[in-house]
Structures are given as structure tokens and as C-alpha cells.
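Summary of structural features
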Amino acid sequence: MMTDAGAARLRVVLPNLTAAACGFGGAALAGFGVWAVLAGFVTGTMGWFAGWFGARALGRALARRGYAPPGRPVYRLGESPEGEFGAGGKAWALSRLVRAGHPVPDGVVLVPRAFAGDALTPDAASALALELQRFPVGQRFAVRSSAVGEDSAHASFAGAYESVLDVNAAGLEAAIGAVRASRAAARVGAYARSSGADAGELAVIVQAMVPATCAGVLFTVDPLSGDLGSMLGHVVHGLGEALVSGAETGEQFRLGRPGGDFDGPDMLVPYAAELHDRAHRIEGLFGGVPQDLEWAVADGTVWLLQARPVTTLNPWRPRTAERNDSLAGTCLWSATNLSEANPVAQTPLTISLSRYQQANGGPSMALRGREMAGYIGGRPYANLSVQITGRRSKAGKADPREVYQKLAGWWGSLPDEVPIPLIPMTAGDWTDAGVPMLGSLARMGWTRLRLPGFLRGNRVACEALVGAVAACRTPAELRRLWDDRLFAFSLRSFWAVIASGSEYPARLERELRNELGAEDASAVISNLAGWAGGLESLGPAEGLQQVRAGVLSAQEYVARFGHRGVNEAELAWARPSEDPGWLDRELARAAGVDVALSRRRQAEASGAVLIRLRQRDRGVARSVERRVRKAARQAALREAVRSEGVRATGVMRAFALRAGDLLGIGEDVFLLTIEELLAALSGDTSPFAWFDERRDTYRRYLDLPALPGVICGAFDPFAWAADPDRRTGVAGSAVPAGVVEVVGAGEAASCVVTGHPGAVGRVEGTVRVLTRFEDAGQLRPGEILVTSLTNIGWTPLFPIVAAIVTDLGAPLSHAAIVAREFGIPAVVGCGDATSRLHTGDRVLVDGAAGTVTLL
């Protein structure tokens, strides 16, 4: 059998051999002359990658040969076919450990077809007798359950089924029957009802007993604190059954990650390093999901007896479709920027689609199974622990806070007291992650080169696919369209949006602030639209003026901007183009607003700074102009691609609505995950039974107030919302008390609200707090808009306000970019402005200082 360890060695040996051969061949073709070194390096590098991918394919092919033929009643652990789901959760995990090369006591699993009721069928009894001949005479056995739903991420069923230990061969049939019969026990049904889990069919595992000198349990992540850098375990002398059953607590020990530092009893000192190494690798084997391991030491060998997910660290509840990635271990999360396109809770379909794309060929920079973004309370959050760990790379010498500062343009500032948890990565982890990450970076570069073509052809492609969706007449036909065209299209769009991102504009603004000062830097950077010939984020406001002037037709305006709006990333959100009265309302709101005048003023201010620079130092002026043009091109590209990405999201909405019609569930389709929707199109409609629960959960999400911009550690959005003294800027179990001011209802802790400088300028005015865009009709010209965040749907409001203040935001957020272009002072990322300021308050907004003073 090809184990994972063998496959890993193959991925080391074969690439190096092919690299050497290709490098030598390249040098030989160059005649071993001047260009031989370069030729050898290039061909050797290409040979290494060819060898790596070849080794991966060969390893997978050899691994598949180790599976037994399907249809058997009895399988050896490690040989049950991948589609043999009847083997159950425990047997599946043990088989995975066997195939990975970990020491697991030899044994077999008797799948449900091996039984007639609780008794073995004659075929199963014969097969078991044949397998028992492999064991020495007098061997003692452990007989345990393995239900389909057992040892899953959602339910462990720990102690619910019978286990029979220390059984001789003659007593195996009775022991197997007892374990099998326990599926009808009252405690199994009670656990299933309380957990909402379905145990499913029951298989039975028979394994050789290990004569343990000591045994225990080990959590790969501290189950109490969620600390990824600490493994927590307990150990007892002899067998571990008393510990597992709760009869004994044993002695506690800890293992630090990734170094393996040990703190515990002396009896474990000889085995601590191996326990750490195996536990860390096993967690990686199961996609980085925290594991609850049972182990034993016998004759100097550390044996693995069980591996199952830590259910208390499970971020997903299938019945209610709740995803809370903050529960899966302590990480640092930020909603800044991501919340712009997602101002309210997303539906299960929207949430699952991006995850599905990442898992099936989309851009992924995951470390130990943890992606760069997740979901909390129905809202997307960036996992900054992953991003910072990745940027520190294998050497890991850079200070995490220094690394964070390079990301601050996207995510804003971070209080010094808030910890920055890192993903514990070993050298082996970096090796495993390296090639996939390089592959993602290479494809990102290739995608960036093709962005002009994407922009030219996307609108026509979207129209064609929407027509193809409408033409589908059966669920099966729609599923074929997804498989043949729709998913590949959505993946291309996803790649394009990610590839178009750039940190350069934010970095340039920091540089210019240091070189020119805040006022001049803001003036220069505020005319990116002028340098680039337009920015998509200004398009809706400028387009309204063009429609009123007769330069742009109403039909073309709707075609260009009718897919954009306040909740554009949500599949369930009706596009403005679907509303016949939308454009008339927008034109009425824009009456009397001169966007062109605001833009001319900004262009003049930017030009004046450059004139002064040329008079002082032409070289500096040329450098500034060259860098600003580059930033403008990148900003324009990013916004244009994002707009077309949103247009592609509209195609996915059309697909979902058509699926809802064909399946007879209407807009309840958005309560399904994408995996469930695809299964429903193929005939499996079982998740429809959960619609009531999911609808209730989604309503509760929509009723939540704006969530904190930064979360560190576990976070319960409902418990947080119920707390009258809740933190509004930074929250989570890992945030020390007192990091941010706690403001009670109706109280202001001080007369100054502090955020990030978004756009320079000082203005005094009256506050208008808007918690949702639907209340925009209350806004009066000249008021200071205070809100949680803004996005392109809010752009038509900018020309009529005196200043912008937001809870969320950073230099690259929508509010900052658009406010600069319109010459409006802005303070972004305040955290709690909407709770400390009230409609009617008189305030002074200082965009350069990043402060709002209550007058």
C-alpha cells in the first residue's frame, strides 16, 4: 500500500531527479558555454515542477491500488474503498491514519451489509474468520462501534454505543452482536435528538488490543481557549478507557506548537516529541480541523486508537446553515473592506458559493486548511492570522505587527493590546503549502495579463449565459449547464477579481504623506479618476449627470450600472435593473448636484500641488507624477474588474432563481448551500426539510447590529448583541479587557471619536446617522453622514453631504476613495461612531487628523 509518507518521499525524490536530469540536459544543449548556467537553471526548474506534478499523480495512482474491491462485508482498516460510507466515521478516520503511515492497531471493519439484524451473515462470519488467521494465537481484541454519523465534526456520539474490550477470538461474535445491538439504545436516540444529528447505520470495528503502559487523550488545539499554539492532553497509567469514560481525570500535559515544548508528567517525556509530531501531522491530514486523539504507549511505540474532530471547535451547523469560523481556533479577523460589498448578513447559498469555488480550483492561499477569509454572523471576515503568517514565510523572522502595517491600507489600524495569533507551521507544512501557493500566484499573474480580455468580453458572456439559464426546462438540464459552462465561468470571474487587487495605491499614499505632508498628498491622490480617465466607483454618480444632460441614454445607464448597489455580492439581493422605477428615483435624488464641479476642483487642487513641486524640484515632481499615474491605472483596473465580477454574480443569481422555479421552492433556494442545490438538481431534496429552521436563523442574523470590525478569538454574535455593554470596535474571547472603550446605550465615553484619515479637510456640520441605505431619503444636503460603511450603492449620496464618517474602513475602502475624489472630508474605521454620535449632533470633522469632535 502506498502510504502518505511514501507519497511524500516520492514528491521529494522524483522532482530532484528530474531537475538534475533536465538541468544537465539544458546545459548540454547550450554547449556547456557561457549560457549553460542559465539554461541549466531554467530547464532544471521546469524539470522540478514537472517531476513534482508527476510524482503527485503517480502517488495517487499507486494509493488507489491499495483499496479493496467494493461490495465486501469485511475490510481491513486502510483498505475500505473511498465510496464505502457504511464503514462509519471512526473506521474512516482510522483507515485514513493507516494510509498515512501512522501506527494503528491492526484490525477490520464489518460494514452494515455484514449483518442480518444484529447477527453476522454467513459470508461475513467466514470473511472475519479468514481475517483472524492473520493474528497470533491468544490475541485479545477491542470491539467498537463506527456509525455513519459518529465521530463527525457535528456529533461525536461519545459513550453512546457499547464498546467491548479485552475479548478473545472465541468471544468475538457475542461482542460484535452486543456492539451492533447498542444502536437501539435509548442513550443513542437521546443524543441524536439533543444534537440534531443522525447517527445513520452502524458498522463494527475489531482491532488488536494494545497492552498499554500508559494511555491518554490529546486535543491538537486547546479546547477551552482555542489557542492554536497549544495542545492539551491527559494521561493515565495502563489502559485509557477510564479516562475516556470520565472515571479518571489523569494528569494534564501541554505541548507547544510548532516547536513541541512539553510541560507534563515525567512518564511522557520519552514520547512527548513523537506525540507532538504525530498530532500535528494528523491535524494536517484532516485539513487542519482540530482533532481529539486517543493514544496508547505499548512496548515503546505510540499507537493511535482514534481521531475525531473537536466538536466544540466546529464552525458549521448543517441544520441551520450557521457558519462561525471564529470557533475553529483563535485567529485574528477583520471585516474592513470585505463588508463594503456585504453590508448585511449573507444567505447560505452566497456564503457557500465562494467556499465552493476556493475548494474546486479557485484562488487559495490556505495554510493548514485555513483560508484567507471566513464567515462570522453571516458576514465575511478576512483571516489576518493566515495572511500575516503567510507573509512572514518559512523563516518567520519578521515581527507580526510590522507585517500587519503593510496590510493596514486594506484593514486599518490595530490596537497594540490586541494579540496577533499565528498559524503554527512546521518546515514540512511550508513544503506542503509551497507548491500550491506558487501555483496560485502563477495563475494569478497569468490571469492579470488576461484582464483586458475579461473586461471586453464579460458583459456579452453574462448576457449569453443568462439566456441559457432561462432556456433550461428541467432540473437535470440546469445541472448540466452548471457542469458544462456556469461553474467554469464563475471561477474565471473569481480569479479575475482576486488578480486585480493591488496594495500599491495605499502604499503610495503612505509614501506621499511622508514626502509631501498630509494635505498635499491627499490633493494629489484624490485625482486618481482624472489620471485614469475615470473610476468605476464614481460611475453611478457621474452617469446620472450624463443622463440628465442627454449624453448617456437611460438604457445604457441601466446596462452599465444596474447590477451595482448596496448589497451586490448577495445572490438573493434583487438587482436595481430588476426595478423599473430605480433610475427615476436616482435621477430625482441627484437633482441640483453638480458632480463635474466637484471633480474639477479636485483636479485643480492636484494640479496646483504638482506645479509647486515642479517649481521646487522637477525630478521629484516627475517621480510623484509617474507613481500617481501607476496608482491610478491599478485603481481603475481593480474597480473595473470588480464591477464585471459583480455582473457575473448576477448570472449566479439567475441560475439560483431558475433552480428555485424548477424545484418548486422559489426564493427558499437561497437557504440551500451550493452543494445542496446541485444535489437537489440531481434529485436529493432532503435539506428542504430544514428551511423553517434556516429561515429563522437568517432572520436572526439580519436583526443583528453591525458587528465589530475586528474579532480575535471565539465570538458569539447573538450573545454579543444581547450585551448592553458590548464592544463595538474590537471583540472576541482573545481580546484583553479594556482594549477598547465600552460605551453603554446612550452614553459617550468622550467628546472625540477617533478613526483613520480618509480624506483631508475640516468641516463643521450636523450629523445624520443612517444605519441602512433604505433610510437615505432622510439625508439632507450639507449634513455629515455617519454610517457603518459605504459601498458603490451609496456613491450618489456623496455629492450632497459635507463629510463622511464610518465605523468600518481603511485608506483603500470605498468611503475614503470616493470622498477624496469629491473633495469631501472623511474619517473612516472609527469602530463606534454610529453608537456615539446621534442625528442632530453638531460636530467638527477633521479628515487629516482622523477625528470627529462633538461640539
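This one's a predicted model, so the numbers in the text were calculated from it and none came from an experiment.

All right, on to the overall build of the protein then. From N to C terminus, the protein includes 27 helices and 28 strands. Relative to the compact-globule value of 29 Å for 855 residues, the protein shows a C-alpha radius of gyration of 30 Å, a close match. Taking the principal axes of the C-alpha coordinates as reference, the protein spans close to 95 × 75 × 60 Å. Taken across its 855 residues, the protein has 54% of its residues classed as buried. A sequence separation of at least 24 residues applies to 67% of the contacts in the protein between residues at least 6 apart. Across the protein, the 87 positively charged side chains and the 88 negatively charged ones have centroids separated by 7 Å.

Further remarks concern the side chain of Ser-500. For Ser-500, the position within the fold is in the loop between α14 (475-499) and α15 (504-516). Overall, Ser-500 belongs to the buried group, its relative accessible area being 2%.

So, on to the pattern of salt bridges. Any two side chains of opposite charge can pair if their charged atoms end up close together. The final tally for this structure, using the stated rule, is 45 salt bridges. In this structure, the salt-bridge partner of Glu-283 is Arg-257, at a minimum N-O distance of 2.9 Å. Taken as a pair, Glu-283 in helix α8 (residues 272-285) and Arg-257 in the loop between β10 (251-256) and β11 (262-263) lie far apart in primary sequence, 26 residues in all. Of the charged contacts, one joins Arg-627 and Glu-511 as a salt bridge, the two residues approaching to 3.2 Å between their closest N and O atoms. With Arg-627 in helix α22 (residues 618-663) and Glu-511 in helix α15, the pair connects residues that are 116 residues apart, well separated along the chain. With a relative accessible area of 27%, Glu-511 lands in the partly exposed category. What emerges from the salt-bridge pattern is a single network uniting Arg-76, Asp-106, Glu-131 and Arg-134.

Let us look at the pairing of strand β24 (residues 784-787). Neither face of β24 is left uncovered, since the one carrying Ile-784 and Val-786 and the one carrying Leu-785 and Thr-787 both have all their residues buried. Where strand β23 (residues 762-769) lies against β24, 3 bridges are found, and the strand directions are parallel. Paired with Val-769 across the two strands is Val-786, which belongs to β24. Both β24 and strand β25 (residues 803-806) contribute to a ladder of 4 bridges, which runs parallel. Directly across from Thr-787, in β25, lies its bridge partner Thr-806.

It is worth spelling out unusual backbone geometry at this point. Among all residues except glycine, the phi angle is most often negative; among peptide bonds, the trans geometry is most common. With omega at 5°, the peptide bond leading from Arg-257 into Pro-258 counts as cis. Inspection of the secondary structure assignment puts Pro-258 in the loop between β10 and β11. Even without being a glycine, Asp-299 presents a positive backbone phi close to 55°. Structurally, Asp-299 is set in the loop between β12 (291-298) and β13 (301-309). Classification of Asp-299 by relative accessible area gives exposed; the value is 73%.

Take helix α4 (residues 122-132) next. Of all the residues in α4, the buried ones are Ala-124, Leu-128 and Glu-131. Down the axis of α4, the buried side of the element spans an arc of 60°, and every buried residue falls inside it. Across from the buried face of α4, at angles greater than 90 degrees, the exposed residues are Pro-122, Asp-123, Ser-126 and Leu-130. Packing partners of the buried residues in α4 comprise β1 (74-76), β2 (107-110), β4 (119-120) and α5 (172-181).

It is worth spelling out the state of the cysteines at this point. Enumeration over the complete set of coordinates arrives at 0 disulfides. Of all cysteine sulfurs, the one in Cys-751 lies closest to Cys-830, which takes part in no disulfide; the gap is 14 Å. Judged by relative accessible area, Cys-830 falls into the buried class, the value being 9%.

Take the sheet that holds strand β19 (residues 710-712) next. The strand order across the open sheet formed by 5 strands is β17-β18-β16-β19-β20, and the pairing between neighbours is mixed. In this open sheet, the two edge strands, each paired with only one partner strand, are β17 (373-376) and β20 (730-731). With 2 bridges connecting them, strand β16 (residues 332-334) and strand β18 (residues 379-383) associate as antiparallel partners. Paired with Ser-334 across the bridge in β18 is Ala-382. Helix-sheet contacts for helix α10 (residues 384-392) involve β16 and β18, and the interaxial angle to β18 is about 25°.

So, about the sheet that holds strand β5 (residues 141-147). Taken in spatial order, the 5 strands make up an open sheet running β1-β2-β7-β5-β6, and their pairing is antiparallel. Strand pairing shows two members of the sheet lacking a second neighbour, β1 and β6 (164-167), which therefore form its edges. Each strand axis lies, on average, 25° off the axis of its neighbour in the sheet, ignoring direction. One ladder, built from 3 bridges, connects β1 with β2; its direction is antiparallel.

Time to look at a positive patch on the surface. On the surface, Arg-507, Arg-510, Arg-626, Lys-630 and Arg-633 cluster together into a positively charged patch. At the level of elements, α15 and α22 are the ones that each hand at least two residues to the positive patch. The element that contributes the greatest number of residues to the positive patch is α22, accounting for 3 residues.

Parameters at a glance
Residues numbered from 1 in each chain as written. Predicted model: local features only at pLDDT ≥ 70, side-chain atom pairs only at ≥ 80, totals over all residues. Heavy atoms only, no water. Helix = DSSP H or I, 4+ residues; strand = E, 2+ residues; numbered from the N terminus. Rg over C-alpha atoms; globule rule 2.2 N^0.38 Å. Buried < 20%, exposed > 50% of the residue type's maximum accessible area, 1.4 Å probe, protein only. Contact = heavy atoms within 4.5 Å. Lys, Arg positive; Asp, Glu negative; His and termini not counted. Charge placed at Lys NZ, Arg CZ, Asp CG, Glu CD. Salt bridge = Lys/Arg side-chain N within 4 Å of Asp/Glu carboxyl O. Pairing = 2+ DSSP bridges. Arc of directions from axis to C-beta. Disulfide = S-S within 2.5 Å. Axes fitted to C-alpha atoms, helices over the stretch in contact; angles between N-to-C directions. Patch = residues over 30% accessible without salt bridge, like charges linked within 9 Å, V, L, I, M, F, W, Y side chains within 5 Å. Areas by Shrake-Rupley, 256 points an atom, 1.4 Å probe, with all protein chains shown as cover.

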